[in-house]
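# Coordinate inspection notes
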Amino acid sequence: MSSSNYDSACLPDLLPLYYRRLFPFSQYYRWLNYGGVQKNYFQNREFSFTLKDDIYVRYQSFSTQTELEKEMQKMNPYKIDIGAIYSHRPNQHNTVKSGSFQALEKELVFDIDMTDYDDVRSCCSAADICCKCWTLMTIAIHILDRALREDFGFQHLLWVYSGRRGVHCWVCDEAARKLSVAARSAVAEYLSLVKGGDEMLKKVVLTDPIHPFIRESLAVVERYFPRYALQEQDILGRKESVNKVLALMPEDVRKELQQDFQNEKKPENRWKLVKEQAKRKQGTAKKGQYFEKEIMLQYCYPRLDVNVSKGVNHLLKSPFSVHPKTGRISVPMDLKELETFDPFAVPTISQICEELDRPRTGEEEEKPEDTKEKENEKDAAERRKIRDYKRTSLAKYVKYFDQFLDKMARSWKGELLKKSDLQKDF
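Reading the values: the criteria
Residues numbered from 1 in each chain as written. Predicted model: local features only at pLDDT ≥ 70, side-chain atom pairs only at ≥ 80, totals over all residues. Heavy atoms only, no water. Pairing = 2+ DSSP bridges. Helix = DSSP H or I, 4+ residues; strand = E, 2+ residues; numbered from the N terminus. Axes fitted to C-alpha atoms, helices over the stretch in contact; angles between N-to-C directions. Core = buried A, V, L, I, M, F, W, Y, C linked by side-chain atoms within 4.5 Å. Buried < 20%, exposed > 50% of the residue type's maximum accessible area, 1.4 Å probe, protein only. Contact = heavy atoms within 4.5 Å. Patch = residues over 30% accessible without salt bridge, like charges linked within 9 Å, V, L, I, M, F, W, Y side chains within 5 Å. Areas by Shrake-Rupley, 256 points an atom, 1.4 Å probe, with all protein chains shown as cover. Salt bridge = Lys/Arg side-chain N within 4 Å of Asp/Glu carboxyl O. Lys, Arg positive; Asp, Glu negative; His and termini not counted. Charge placed at Lys NZ, Arg CZ, Asp CG, Glu CD. Expected span 1.5 Å × (residues − 1). Bend = angle between axes of the 7 residues up to and from the residue.

The antiparallel open sheet is built from three strands, whose spatial order is S5-S7-S6. Only two strands of the sheet have a single partner each, and these edge strands are strand S5 (108-113) and strand S6 (157-161). The sheet shows a mean angle of 15° between the axes of neighbouring strands, taken without regard to direction. Of the pairings in the sheet, the one linking S6 to strand S7 (residues 166-171) comprises five bridges and is antiparallel in character.

What follows is the structure, given as structure tokens:
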């Protein structure tokens, strides 16, 4: 179902149903409580809600999962943002002595937004995306995921589709959550290659020797460049885009290629000529001439909003938030299925609420004796909620989130054991 079936005017009617029956509160709490290893970790976390008519409520915090549920079901936020863990409960920040209310910890986060690639994509612009330019997000995830795991040693990376035009990464390792602003800045700068605003023509400059991280990133870009840049964006086909590419080269090379391009019209063959010129230049110049690699990186390398990554107190949109414009749910992504991930196949809130109305079949049928029995109300509600999301296309994304949490729980168990051993709490 495309988001054209979603009508934003229905959002106030759909959100109460979503928060009452579909939002995966138990997994959500399990994530943000981090196994209860650290006291008050969940209680001191800031949540921010954007309500109808852009009413913005910051410094929300909750003692328990039940309290969070009740408040979200009462307020029905259009958007949920997650902030830092503070020194005091955020909802009491006005009662704390000035200067002592401090952001202490938060996941290391990355925000990649398609609008930052507008100078290198011709298929769409601004908030629009299509399957052609979505390749840029696939490349970004491959490059950053490898670097964060192999170069920095992080293990617990949660990649989330934003619901419209980008992706977020939450690095959840304890070491990542405890990073200082300076350390976060260092990681973000290490991962940033494309630099300069709209006025800057050449945004990637390589020097000798090429850093191993850049070589690894180039290996990813080279896999996608021919299809993405040459075929789908046609960067060496149309006159205007050809001139943009030529402007990134040394003047003597540019002049020679302008001549060669008169006789050669096929983009793939034109790119071969560019590579030949680069090889020739590298053979004669004293310093490395890497203009063909710089072009590939400028067109395909991830563009990070580094300010999001640097600040501990920066808010970022929560997984399972609903995008008010598209109606799509902000869902965790399974990297094993990254190549086939389709942002347009991600369910909308209207779709999953409709799926709830389908008649139940087989094991989903309510057993008459169940209804007769006087059950513990909370257990019944929990069971119903689990059954509810499982009956919709949200199920596979919650299942992936569960797998991510199971993996992380193994590290929490180790921490709890270590603590009990240290305290001789056998």
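Back to the write-up after that little detour.
What follows concerns the nonpolar core. Ranked by size, the top nonpolar core spans 127 residues in total, and within it Tyr 18, Trp 31, Phe 225 and Ile 349 carry the most contacts. Once residues lying within four places of it in the same chain are set aside, the contact partners of Ile 349 are Tyr 6, Leu 11, Leu 14, Leu 15, Tyr 18, Val 322, Gly 327 and Ile 329. Core analysis: the next-biggest nonpolar cluster, separate from the first, contains five residues, Tyr 86, Val 96, Phe 101 and Val 312 among them.

This next bit is on a positive patch on the surface. Residues Lys 336, Lys 407, Arg 410 and Lys 413 make up a contiguous surface patch of positive charge. As for its placement among the helices and strands, Lys 336 is situated in the loop between strand S8 (316-317) and helix H13 (349-356).

Its 21 residues place the ends of helix H7 (residues 212-232) 29 Å apart at the C-alpha level, agreeing with the 30 Å of an ideal helix rising 1.5 Å per residue. Within H7, the axis deviates most sharply at Phe 225, by approximately 55°, and proline Pro 226 lies no more than four positions further along. Taken residue by residue, H7 has Phe 213, Ile 214, Ser 217, Leu 218, Val 220, Val 221, Tyr 224, Phe 225, Tyr 228, Ala 229 and Leu 230 as its buried positions. Packing partners of the buried residues in H7 comprise helix H4 (135-151), helix H6 (181-191), helix H10 (267-284) and helix H11 (291-300).

For the rest of this paragraph, the subject is the environment of Val 308. Topologically, Val 308 is positioned in helix H12 (residues 306-310). Taking C-alpha positions, Val 308 is 9.3 Å from Ala 188, a pair spaced 120 residues apart along the chain. Discounting residues that sit within four places of it in the chain, Val 308 has contacts with Lys 106, Val 109, Asp 111, His 314 and Leu 316.

None of this, on its own, says anything about what the molecule does.
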